[in-house]
Amino acid sequence: AAVRAPATTGVRGGYRLSTDNYSTEQFSFEATVAEEELENADSPLKLDQDASAFALEKLLIQLEVAASTQLFTAGSYNSSLDVSGTTYWSNDLADWYSQIVTGQETIQAATGQRANNAIMGVQVFNTLKKHADFLERIKYTGTGGVIPSAVAKRALAELLEVDNLHVGEAIYNTADEVQTASYSFVWGKSCALLYQAPAPGLKTFSFAKRFVRAGYDFRVERYQLSDGKNADAFRVLHEYDLKIVDN
């Protein structure tokens with residue numbers, strides 16, 4: 001911006017947009033219900049809805065695994081920090097808050113925007129909410145004693161100076177169907193600071209975006225199985241691409 005002289009248009013400008021490609025992949029999961037079960041189910045039971053919800057849950061977990069894998073890969077960032085020894089946040093001597101402040105400053109210097117979102121696994125959150133430094137910083141907030149997770153989450157979001165603190169609590173089974181179950185936390189022991197535009201748009205600045213094929217944002221289909229199986233399948237489809245667009 002500059003001073004506009006009389007009878008002139010004034011300073012004019014805009015910005016250029018970069019171009020890139022994305023490619024969606026389709027994921028699906030389906031659950032089957034026998035016709036006899038559908039016909040004989042008591043009125044409170046809604047087996048068709050239960051089957052669809054079960055299939056949807058599997059796709060949501062797949063999306064979380066994909067997002068976590070991409071988000072917490074060091075190559076996804078221009079700047080990242082690996083902690084070890086006394087810098088582990090589980091160590092009461094760890095200066096986790098200074099690391100967050102440095103991260104915020106790094107993001108703002110590179111993009112002109114402060115990170116407005118923090119994403120961490122539930123194990124990280126549970127570690128921080130009982131960290132001696134965190135408890136010291138919020139001791140005058142009137143919580144006292146054991147701090148409920150909801151209160152700790154609000155207080156931590158304020159300390160991080162983010163609009164949204166997302167705590168990933170999902171778990172998933174990494175074993176094959178016939179093997180003994182082996183459960184893992186989807187979001188691991190990492191924390192990310194990033195900026196996401198409050199509303200999505202083609203010309204909005206954001207760390208990452210999810211591109212979805214029209215009509216396939218968790219599309220539900222129902223069809224009857226062939227070969228005389230006398231059962232209905234409830235399939236959920238999700239076709240998308242997760243892409244980091246500005247890191």
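Everything discussed here concerns the structure shown above.
Because the structure is a prediction, the values reported are computed rather than measured.

Draft legend 1. Spotlight on the sheet that holds strand β8 (residues 231–244). With antiparallel pairing, three strands are arranged side by side in an open sheet as β1-β8-β7. What marks the edges here is a single partner per strand, and that holds for β1 (25–34) and β7 (208–224). Looking at each pair of strands side by side, their axes are set apart by 15° on average, direction ignored. Where β7 meets β8, twelve bridges bridge the pair, whose relative direction is antiparallel. Each bridged residue has a counterpart across the sheet, and for Arg210 the counterpart in β8 is Leu242. In the packing of helix α2 (residues 47–71) onto the sheet, contacts are made with β1, β7 and β8, and the angle to β8 comes to roughly 20°.

Draft legend 2. Local environment of helix α6 (residues 149–160). Taking 1.5 Å as the rise per residue, α6 with twelve residues should run 16 Å; its terminal C-alpha atoms sit 16 Å apart, in good agreement. Those residues of α6 not exposed but buried are Ala152, Ala155, Leu156, Ala157, Leu159 and Leu160. Turning to α6, the residues buried within the fold contact α3 (96–111), β2 (117–121), α4 (122–128), α5 (132–137) and β3 (164–168). Looking one or two residues past α6, Glu161 carries a phi angle of roughly 60°, positive in sign.

Draft legend 3. Inspection of the side chain of Gln104 at higher detail. On the secondary structure map, Gln104 appears in helix α3. Other than its neighbours up to four places away in sequence, Gln104 contacts Arg114, Ala115, Leu160, Glu161, Val162 and Leu193.

Draft legend 4. Representation of the sheet that holds β3 in the model. An order of β3-β2-β6 is seen for the three strands of this open sheet, with the pairing classed as mixed. Both edges of this open sheet fall to β3 and β6 (191–194), since each of them pairs with a single strand only. Adjacent strand axes in the sheet meet at a mean angle of 15°, parallel and antiparallel pairs treated alike. Both β2 and β6 contribute to a ladder of four bridges, which runs antiparallel. Residue pairing for β6: Ala118 is matched across the bridge by Leu193.

Draft legend 5. Expanded view of the side chain of Asn116. Examined against the element boundaries, Asn116 turns out to sit in the loop between α3 and β2. A polar side-chain atom of Asn116 sits 2.7 Å from a polar atom in the side chain of Asn117. Contacts of Asn116, omitting those with residues within four sequence positions, involve Val162, Asp163, Asn164, Leu194, Tyr195 and Gln196.

Draft legend 6. Looking closely at the packing of α3 against α6. Relative to each other, α3 and α6 sit at 55°, their axes nearing to 10 Å. Our classification of the angle between α3 and α6 gives oblique. In this structure, α3 contributes Trp96, Tyr97, Ile100 and Gln104 to the contact, and α6 contributes Leu156, Leu159 and Leu160. Of the residues contributing to the contact of α3 with α6, the split by class is six nonpolar, one polar and no charged.

Procedures and definitions
Residues numbered from 1 in each chain as written. Predicted model: local features only at pLDDT ≥ 70, side-chain atom pairs only at ≥ 80, totals over all residues. Heavy atoms only, no water. Pairing = 2+ DSSP bridges. Helix = DSSP H or I, 4+ residues; strand = E, 2+ residues; numbered from the N terminus. Axes fitted to C-alpha atoms, helices over the stretch in contact; angles between N-to-C directions. Contact = heavy atoms within 4.5 Å. Expected span 1.5 Å × (residues − 1). Buried < 20%, exposed > 50% of the residue type's maximum accessible area, 1.4 Å probe, protein only. Polar contact = N/O pair within 3.5 Å; in protein donor to acceptor, adjacent residues only side chain to side chain. Parallel < 35°, antiparallel > 145°, perpendicular 65-115°, else oblique. Nonpolar A, V, L, I, M, F, W, Y, C, P; charged D, E, K, R; others polar.

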